[in-house]
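# What the coordinates show
Read off the chains here:
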Amino acid sequence: DGGVAGGSAPPTAASATADADAPPSAMVLAYDALLATEVSAFTELAAKLSAAEVKEQAECVRKAFAAQREMMVAVSKCKKPSAAELQELVKPTAEQIGAVQAKV
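Keep in mind the model is a prediction, meaning the values are calculated, not measured.

Conventions used here
Residues numbered from 1 in each chain as written. Predicted model: local features only at pLDDT ≥ 70, side-chain atom pairs only at ≥ 80, totals over all residues. Heavy atoms only, no water. Core = buried A, V, L, I, M, F, W, Y, C linked by side-chain atoms within 4.5 Å. Buried < 20%, exposed > 50% of the residue type's maximum accessible area, 1.4 Å probe, protein only. Helix = DSSP H or I, 4+ residues; strand = E, 2+ residues; numbered from the N terminus. Contact = heavy atoms within 4.5 Å. Salt bridge = Lys/Arg side-chain N within 4 Å of Asp/Glu carboxyl O. Expected span 1.5 Å × (residues − 1). Bend = angle between axes of the 7 residues up to and from the residue.

On to the nonpolar core. One finds Val28, Tyr31, Leu35, Val39, Met72 and Val73 forming the largest nonpolar core, which totals six residues. Contributing elements (two or more residues each) for this core: helix H2 (26-48) and helix H3 (52-77). Excluding residues that lie within four positions of it along the chain, leucine 35 makes contacts with Ser40, Phe65 and Arg69.

In this section: the pattern of salt bridges. The final tally for this structure, using the stated rule, is three salt bridges. Close ionic contact of aspartate 32 with arginine 69 constitutes a salt bridge, the shortest N to O distance being 2.4 Å. Taken together, the residues span a long stretch of sequence, with aspartate 32 in helix H2 and arginine 69 in helix H3 at a distance of 37 residues. Put simply, glutamate 70 and arginine 69 hold a salt bridge, and the shortest N to O gap is 3.8 Å. One salt-bridge network, in which partners are shared between bridges, spans Asp32, Arg69 and Glu70.

Its 23 residues give H2 an end-to-end C-alpha distance of 33 Å, which sits within 8% of 33 Å, the value for a rise of 1.5 Å per residue. Taking the largest bend as the criterion, H2 deviates by roughly 35°, centred on serine 40. Taken residue by residue, H2 has Val28, Tyr31, Leu35, Val39, Thr43 and Ala46 as its buried positions. Check the buried side of H2 and you find it contacts H3.

Given below as structure tokens:
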């Protein structure tokens, strides 16, 4: 089962998301601070511009940061993922980066 004799297996990415009651790690808390300051300021300033493309791109950037946060939460709670699991974890972030690039 992948666990150590007498112990339990480390959580996987899937089981990490089920552990919603656990407090966020220091890494996630620091990232939350970044989201609440710099990323929030960027999206708020972009929303004030009259260019719809800039607003759309800023929203894609915000979504990419949010997707990255979800990955960081999972990373903070689980064992090292396989290459396939890592690809699934970074997929939402990669999709949002693609969306940002498409707006350029």
